[in-house]
Amino acid sequence: MSFLDYFLWGVFPYLCLTIFVVGHIYRYNVDQFGWSAQSSEFLEKKQLKWGSLLFHWGIIFVFFGHIAGILVPKVIYDTMGISDHMYHFGAVWFGGAAGLATVIGGFLLFLRRSGTRRVRNTSNPNAMFTLIILGAVVLVGFTATVGYTASGGDFDYRTTIGPWFRGLLIFSPKPELMVGAPYGFQLHVFLAFALFAVWPFTRLVHVWSLPLEYLGRKYIVYRKMNPQTTSKENRG
């Protein structure tokens, strides 16, 4: 194993995760007013509706798919009686559908931000950069997982990338597990950790500020105003 391999899969992830944690603390302390999604809904709604809907629902299912594939050891699936064929079938078709929705949604959001004049004029480079790097992570992961698996590839990330990532979490890295992974998977992992590193300095911080209080809030009652009555009151 070369020094580059050791750095990429044994050092670089920890650097990115450290920046991820420290960066969020720093951003929260110095820029709470900028801690938002910076919505531009009032400028354009039609494209945002479908792009945001596909992207956000797709990324949610992709997230849980990564938990199932990376954090859950393969032995648990074997114990549950889930064969490799069943697992990969679900990963290709269900994971592929979620990935496709995310890719399409992200592409619509990119077209909206770059092609709609009112949105483009109020956008900053940070917003475009966020869309680009996030799109790169999703697109590379989608093509690596679906394209490689669907074409008959026999690489099983549950026995390589999964143990490697779990080793990082318990501070027992095994970079040698990543050395033999296909380049598409390596690029996906590299870009994902790069995304973690820039996350605190982008609009992605709004992920940690979900308005959960909306689930239990009371309805807002609006009183319809009668123009004629209002006009008489004003004259009186």
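Residues numbered from 1 in each chain as written. Predicted model: local features only at pLDDT ≥ 70, side-chain atom pairs only at ≥ 80, totals over all residues. Heavy atoms only, no water.

Caption draft 1: Geometry of the overall build of the protein. The secondary structure content of the protein amounts to 10 helices and 0 strands. Ordered by position in the sequence, the α and β elements of the protein form the string α-α-α-α-α-α-α-α-α-α. A fraction of 79% describes how many contacts in the protein between residues 6 or more apart in sequence connect residues 24 or more apart. When the accessible area of the protein is evaluated, it comes to approximately 15500 Å², of which 70% is carbon and sulfur surface. (Helix = DSSP H or I, 4+ residues; strand = E, 2+ residues; numbered from the N terminus. Contact = heavy atoms within 4.5 Å. Areas by Shrake-Rupley, 256 points an atom, 1.4 Å probe, with all protein chains shown as cover.)

Caption draft 2: Inspection of helix 1 (residues 3-30) at higher detail. Remark: the principal bend of helix 1, roughly 40°, maps to Val11, with a proline, Pro13, within the next four residues. The inward-facing, buried residues of helix 1 abut helix 7 (161-169), helix 8 (176-179) and helix 9 (183-198). (Bend = angle between axes of the 7 residues up to and from the residue.)

Caption draft 3: Summary view of the side chain of His188. Checked against the element boundaries, His188 lands in helix 9. Here the side chain of His188 touches Val137 through a polar contact of 3.0 Å, landing on its backbone oxygen. Setting aside residues no more than four positions away along its own chain, His188 makes contact with His66, Val137, Val140 and Gly141. (Polar contact = N/O pair within 3.5 Å; in protein donor to acceptor, adjacent residues only side chain to side chain.)

Caption draft 4: Spatial organisation of the nonpolar core. Within the largest apolar cluster, 20 residues are counted, with the highest numbers of intra-cluster contacts made by Tyr157, Ile161, Trp164, Val189 and Phe193. Among the secondary structure elements, those contributing two or more residues to this core are helix 1, helix 4 (84-115), helix 7 and helix 9. Excluding residues within four positions of it along the chain, Phe193 makes contact with Phe12, Pro13, Cys16, Leu17, Trp164, Phe165 and Leu168. (Core = buried A, V, L, I, M, F, W, Y, C linked by side-chain atoms within 4.5 Å. Buried < 20%, exposed > 50% of the residue type's maximum accessible area, 1.4 Å probe, protein only.)

Caption draft 5: Region of interest: a nonpolar patch on the surface. A cluster of nonpolar residues, Trp50, Leu53, Trp57, Ile60, Phe61, Phe63 and Phe64, forms a patch on the protein surface that exposes about 800 Å² of accessible area. Looking at the secondary structure, you find Leu53 in helix 2 (residues 46-71). Residue classification places Leu53 among the partly exposed residues on the basis of a relative accessible area of 40%. (Patch = residues over 30% accessible without salt bridge, like charges linked within 9 Å, V, L, I, M, F, W, Y side chains within 5 Å. Salt bridge = Lys/Arg side-chain N within 4 Å of Asp/Glu carboxyl O.)

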